[in-house]
Amino acid sequence: MQEVRVELKDFRKERRNIFDIPAAGSILRNINFLNGVRLFLLFLVIYAIVYGFINPTKENLFTTGLFWGLFWPFFMIITLPTVGRFFCTVCPHGFLVRFFTKIGLNKNLPVKLKNPLIGLFVLILVYWFVVYTFPSVYNNPLPTALLFLGFTILAITVSFVFRNGVYCKYFCPIGSICTSFNRVGFTWLSTNHEDCLKCKKPDCAIACPYKFNPSKFDSKNSMEECTLCMECANACSSVRWEIRKWGHSLYEKIPKPQSFEVWTYILIIGVITITMKFHHGLSRTGLSDSLPWTIIGKYLDSIFHFPKGVDIVGFVALLMGIGSALLFSAVGFYIASKILNTDYTNLFNNIGYAFAPIMIVGGLSHALSFFFFDYYPHFVNGISQAFFLNITVEPLASRSDPWLRVFTIFNYIAGFWSLYLVHKRMSLFGFNLHPKYKLAFLFVSALPIFYILLSVFQQYAFMAYPPTFHHHHHH
Ligand code: SF4
Ligand code: SF4
């Protein structure tokens, strides 16, 4: 009897291990099976690239549908806030990275290049800057194919030359996004710590192609740049992939906070979240002509006469989006550090993690509504075209359907979750006991507050000045 009670208690205390779920466990720990999935996705990627070169006209739905209708919205926006970095588990480039690292030259990467922000800047430059400034480029199959061909060649070259899967850590354009936003989901890679105490030769760490030690992820409260490739889980049965409280690592101290993670949140909120709201949200309402980026953009156009295809208004919106994210975060933290009489960098690195939910959870409102009128028909019709399936599906909704607006709820979930996290994280460091805490809280929270107000304003503008559906198409 006694024993049963103890077991029950332990079971309830223990966190659920995804590997213990029968089918999931045997699939995820089976590297051959995972490699099969990766090879299939690699085949799709190569096929879509080749297809893009052979059919460079807009008739080709497959190339753009695969990359912009499936990979980006689904693997990124839907899986990151739920199961975490699962995209990397099946990523075809990650497969190439590990393969070419194994057979390659194993050189050390120069220290200067060990910076995860490199990949992020590449993403902003070759993708987001282009999307806003030359909006039609990636609606075309050829530039899309070239972009992915470029990253495939880069992944292979970097991995062949350097050791330890550095492409995923520093160069992959979505790598630092995956690392930073990996904290938002409800899964966590961990180990049975009792087993690890007795362990002399950590098979998990030896097996890791990136030289991480998963038995340390809990004490570090960081999974570092783990790609969930599952090699460690295959090597040692004490490795666990746990279901935990949503975003649990954000509620605890992070012993070695990484400023690049916080910078990733801020830059991505500026480039994606805020600029999208400026340029693709508000610009579509009847207010369009009185928005600052439209006014400045049109003025610049009247001086420089940009060629057709250049959206200078979009470019100005991007600059203003990045500007507001920097202003509301850096200046907010600076003023708060003065109020609290504490070190600015310390405050920024430790509390900045509270911004994690904004882009990824808020992004759901965009991705889900686009699923109904754009991603789904685009992707299905594209696959049908590439594999001669003769299926045509219609969009599940029209862009102007009012019910699609229910998804805007995610903007508010993201914004208020972030405010709550600011409070929690400030309390971890005892700042809540400071006499001027409330004032400091407002300054630290300037970015989430701005984001919430912007969401409210956007909704108001949509109702009071309804959009006239015309030109914009975006991802
Ligand atoms: S870091 Fe990039 S290349 Fe590596 S597995 Fe993740 S998405 Fe793929
Ligand atoms: S810790 Fe495990 S899952 Fe993470 S990258 Fe290393 S081997 Fe892959």
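Residues numbered from 1 in each chain as written. Chains lettered and ligands numbered in written order. Predicted model: local features only at pLDDT ≥ 70, side-chain atom pairs only at ≥ 80, totals over all residues. Heavy atoms only, no water.

Visitor: Give a detailed account of empty space enclosed by the protein, specifying residues and quantitative values.
Guide: All told, the structure shown has four cavities of 30 Å³ or more when counted by the stated rule. Of the voids in this model, the largest cavity is the one considered here, and its volume is about 490 Å³. Lining the largest cavity are 29 residues, and of these Phe-87, His-93, Phe-148, Pro-173 and Ile-174 sit closest to its centre. Sorting the residues of the lining of the largest cavity by element identifies helix 4 (62–78), helix 6 (86–90), helix 7 (92–103), helix 8 (117–133), helix 9 (141–161), helix 10 (166–171) and helix 11 (175–181) as the ones contributing at least two each. With five residues, helix 4 is the single largest residue contributor to the lining of the largest cavity. By volume, the second largest cavity amounts to about 90 Å³. As for the second largest cavity, its lining consists of Leu-189, Cys-208, Tyr-210, Phe-212, Pro-214, Phe-217, Cys-226, Thr-227, Leu-228, Cys-229, Met-230 and Cys-232. The residue makeup of the lining of the second largest cavity, split by class, is 11 nonpolar, one polar and no charged. (1 Å grid on protein atoms, 1.4 Å probe; cavity = no way out; pocket = protein on both sides within 12 Å on 5 of 7 lines; lining within 4 Å. Points joined across faces, edges and corners; volume = space filled by probe spheres on them. Helix = DSSP H or I, 4+ residues; strand = E, 2+ residues; numbered from the N terminus. Nonpolar A, V, L, I, M, F, W, Y, C, P; charged D, E, K, R; others polar.)

Visitor: Tell me about the site of ligand 1, and please be specific about residues and values.
Guide: Arg-85, Phe-87, Cys-88, Cys-91, His-93, Gly-94, Tyr-167, Cys-168, Cys-172, Ile-174 and Gly-175 make up every residue found near ligand 1. At a threshold of 2 Å from the grid points, most atoms of ligand 1 map onto the largest cavity. Of all the secondary structure elements, the ones that give two or more residues to the shell around ligand 1 are helix 6, helix 7 and helix 10. (Near = heavy atom within 4 Å. Sits in = over half its atoms within 2 Å of the grid points.)

Visitor: Account for the confidence of the model for the protein, naming residues and giving values.
Guide: Summary statistics for the protein give a mean pLDDT of 92 and a share of 95% for residues scoring 70 or more. Between the elements of the protein, mean pLDDT differs from a low of 44, seen in helix 1 (residues 2–13), to a high of 98, seen in helix 22 (residues 437–444). This stretch, residues 1–12, has a pLDDT under 50; its non-local contacts, to residues over four places away or in other chains, come to zero contacts. (pLDDT = per-residue confidence, 0-100. Contact = heavy atoms within 4.5 Å.)

Visitor: Can you break down the pattern of salt bridges residue by residue, with the values?
Guide: Tallying each qualifying case throughout the model produces seven salt bridges. When the shortest N-O distance is used, the salt bridge between Lys-201 and Asp-203 registers 2.9 Å. Measuring nitrogen to oxygen at the nearest pair gives 3.1 Å for the salt bridge that ties Lys-298 to Asp-289. Assessed through its relative accessible area of 56%, Asp-289 is described here as exposed. Within this structure, Asp-218, Arg-240, Glu-242 and Arg-244 form a network of salt bridges that share partners. (Salt bridge = Lys/Arg side-chain N within 4 Å of Asp/Glu carboxyl O. Buried < 20%, exposed > 50% of the residue type's maximum accessible area, 1.4 Å probe, protein only.)

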